Amino acid sequence: MLPGGNPETGYRDIDSSPTKTAILQLRRSGQDRRYYDLSMGQRPAEELYHVETDRECLANRIGDVSCRILADSLRAELFRTLRGQGDPRMTGDGDVFDRYPYDKPGKDSVYERTVSGEIIPWEQSNWVLPTDYEQYEIVKNK
């Protein structure tokens, strides 16, 4: 999961800003990828933090043996709650969230339409700079 959105669509979940530009430039130059990893990088499937001692939530403890019972308990509680609420992700229909119609025509399937070359995404938004776009394969391998 990419928290900032796909690189091919300019990380559309993050508005353009000097900070976004600096983070991308630092990673691209090889100077520092720490901020990219924290804000735009691939996230693990599960995360568990000790917020009293790690307020910034930087040390994921999901794999710690000492946290296994707590993690299992929290996961079971989460799944129980989601099933009780009829959450589609618990019934194998989680992609329903990607099928909801957009409020404006032409704003759907941006990722697919971008990688196919049908659209130039920075012409479709007013919050993503042309320099924000990059190929996932390049990002993944850097």
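How each quantity is defined
Residues numbered from 1 in each chain as written. Predicted model: local features only at pLDDT ≥ 70, side-chain atom pairs only at ≥ 80, totals over all residues. Heavy atoms only, no water. Phe/Tyr/Trp six-rings, centres within 6.5 Å; stacked < 30°, edge-to-face > 60°. Helix = DSSP H or I, 4+ residues; strand = E, 2+ residues; numbered from the N terminus. Buried < 20%, exposed > 50% of the residue type's maximum accessible area, 1.4 Å probe, protein only. pLDDT = per-residue confidence, 0-100. Arc of directions from axis to C-beta. Contact = heavy atoms within 4.5 Å. Polar contact = N/O pair within 3.5 Å; in protein donor to acceptor, adjacent residues only side chain to side chain.

What follows concerns the packing of aromatic side chains. Scanning the entire structure with this criterion turns up 2 aromatic pairs. Plain terms: the ring middles of Y11 and Y36 are 6.0 Å apart, the flat faces sit at 85 degrees to each other, and that makes the pair edge-to-face. Residue Y11 is found in the segment before helix 1 (18–28), and its partner Y36 is found in helix 2 (residues 34–39); the two are separated by 25 residues along the sequence. With respect to burial, Y11 and Y36 carry one shared label: buried. A centroid spacing of 6.0 Å and a plane angle of 75 degrees characterise the contact between F97 and Y100, whose relative ring orientation is edge-to-face.

For residues other than glycine, phi is negative in most cases, and the peptide bonds are mostly trans. The backbone of Y11 sits at a positive phi, close to 55 degrees, despite the residue not being glycine. Among the residues examined, Y11 registers a relative accessible area of 0% and is labelled buried. Phi is positive for C57, close to 55 degrees, though the residue is something other than glycine. Structurally, C57 can be placed in the loop between helix 2 and helix 3 (68–84).

All right, on to the confidence of the model for the chain then. Of the residues in the chain, 96% have a pLDDT of 70 or more, and the chain-wide mean is 88. Within the chain, helix 6 (residues 136–141) has the poorest average pLDDT of any element, 68, and helix 3 the best, 97.

All of the buried residues in helix 1 are K20, I23, L24 and R27. For helix 1, the angular spread of buried residues about the axis comes to 95 degrees, placing them on one side. In the stretch just after helix 1, G30 is the one whose phi turns positive, near 80 degrees.

What follows is about the environment of Y36. Given the relative accessible area of 2%, Y36 is considered buried. The spacing of Y36 and I23 is 13 residues in sequence and 5.7 Å in space, taken between C-alpha atoms. What Y36 contacts, discounting residues up to four positions off in sequence, is Y11, I23, L24, R27, G41, E134 and V139. Looking at Y36, its side chain comes within polar contact range of the side chain of Y11, at 3.0 Å.

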